[in-house]
Amino acid sequence: MTTMQYLGKWYEITKLPNPFQRGQCSTALYSLKSPGVIEVLNSELRDDGTINSVVGTATVKNPSEPAKLEVTFFQGTPPGPYWVLSTDYEGHSLVYGCTDYVLFHLEYSWILSREPTLAEETMKELDGILSSIGVDVNKMLPTNQNETYCSVMRQ
């Protein structure tokens with residue numbers, strides 16, 4: 001993965017359910033903080049019409065594996081894995097991470113796009129990658145990126 005090409009805005013197309021995302025129209029904005037360190041701005045539209053945003057930091061831990069990052073959103077919390085399994089930089093990105101906490105195994109995955117939609121054939125290809133590593137793609141939830149519904153996020 002080339003960090004500089006990955007920077008910019010990505011729209012969430014689908015995700016595995018997780019406890020920290022409850023909205024729609026989700027986007028991620030990546031910008032370079034310093035070499036190997038990326039600022040992450042995640043935003044979503046909540047059901048009550050408010051925009052919820054959180055800023056984090058993604059760090060490349062091993063320069064020989066630049067697609068494997070660790071992301072932290074809250075000081076004092078352990079970083080989570082953010083592995084870019086597939087990207088063409090201009091259209092799609094497939095992100096996966098899993099973490100074990102004592103008795104719990106947590107999996108995270110997002111399919112992202114540079115546009116609010118993604119071609120069905122690309123979705124099938126990315127679902128195939130997830131299936132090949134044991135992810136139940138039937139659990140992936142679509143994110144509403146409807147232009148009218150999300151208009152407040154695009155101003």
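About the cut-offs
Residues numbered from 1 in each chain as written. Predicted model: local features only at pLDDT ≥ 70, side-chain atom pairs only at ≥ 80, totals over all residues. Heavy atoms only, no water. Disulfide = S-S within 2.5 Å. Helix = DSSP H or I, 4+ residues; strand = E, 2+ residues; numbered from the N terminus. Buried < 20%, exposed > 50% of the residue type's maximum accessible area, 1.4 Å probe, protein only. Pairing = 2+ DSSP bridges. Salt bridge = Lys/Arg side-chain N within 4 Å of Asp/Glu carboxyl O. Core = buried A, V, L, I, M, F, W, Y, C linked by side-chain atoms within 4.5 Å. Contact = heavy atoms within 4.5 Å. Phe/Tyr/Trp six-rings, centres within 6.5 Å; stacked < 30°, edge-to-face > 60°. Lys NZ or Arg CZ within 6 Å of the ring centre and 35° of its normal.

Caption draft 1: Focus on the state of the cysteines. In total, this model carries 1 disulfide according to the counting rule given. In this model Cys 25 forms its disulfide with Cys 150; the gap between the sulfur atoms is 2.0 Å. Note on the Cys 25 and Cys 150 pair: the S-S dihedral is about -80°, so by sign convention the disulfide is left-handed. Here the residue Cys 25 occupies a position in strand β2 (residues 24-34), and Cys 150 occupies one in the segment after β9 (141-142), the gap between them amounting to 125 residues. The exposure classification of Cys 25 matches that of Cys 150, with both residues buried.

Caption draft 2: Molecular detail of the pairing of strand β5 (residues 68-72). The alternating pattern of β5 places Leu 69 and Val 71 on a buried face, while none of Lys 68, Glu 70 and Thr 72, on the opposite face, is buried. For strand β4 (residues 51-60) and β5, the ladder comprises 4 bridges, and the chain directions are antiparallel. Bridge pairing links Thr 57 to Thr 72 in β5. Relative to strand β6 (residues 80-87), β5 runs antiparallel, the two being bridged by 4 bridges. Each bridged residue has a counterpart across the sheet, and for Leu 69 the counterpart in β6 is Tyr 82.

Caption draft 3: Local environment of the pattern of salt bridges. This model, assessed by the stated rule, comprises 4 salt bridges. Here Lys 68 ties to Glu 65 by a salt bridge, and the two come within 3.5 Å at their closest N and O atoms.

Caption draft 4: Inspection of the nonpolar core at higher detail. By size, the foremost hydrophobic cluster in this structure holds 19 residues, and its most contacted members are Tyr 6, Tyr 30, Leu 69, Tyr 82 and Leu 112. Counting residues per element, the ones that place at least two in this core are β2, β3 (37-45), β4, β5, β6 and β8 (104-113). Top contributing element to this core by residue count: β8, with 3 residues. Leu 16, Tyr 96, Met 123 and Val 135 belong to the second-largest nonpolar core, a separate cluster that totals 11 residues.

Caption draft 5: Layout of the environment of Glu 70. Secondary-structure assignment places Glu 70 in strand β5. With 22 residues separating them along the chain, Glu 70 and His 92 place their C-alpha atoms 20 Å apart. With near-sequence residues (within four places) excluded, Glu 70 lies in contact with Thr 57, Ala 58, Thr 59, Lys 61, Pro 79 and Gly 80.

Caption draft 6: Main features of the packing of aromatic side chains. Taken as a whole, this structure holds 5 aromatic pairs when the rule is applied. On the basis of an interplanar angle of 45° and a centroid distance of 5.4 Å, the ring pair of Tyr 6 and Tyr 30 is categorised as tilted. In this pair, Tyr 6 is assigned in helix α1 (residues 3-6) and Tyr 30 in strand β2, connecting sequence segments 24 residues apart. Just as Tyr 6 is buried, Tyr 30 falls in that class too. Site record: aromatic cluster; members linked through ring pairs are Tyr 6, Trp 10, Tyr 30 and Tyr 82. Taking the ring centre of Trp 83 as reference, the NZ or CZ of Lys 68 above it sits at 4.2 Å.

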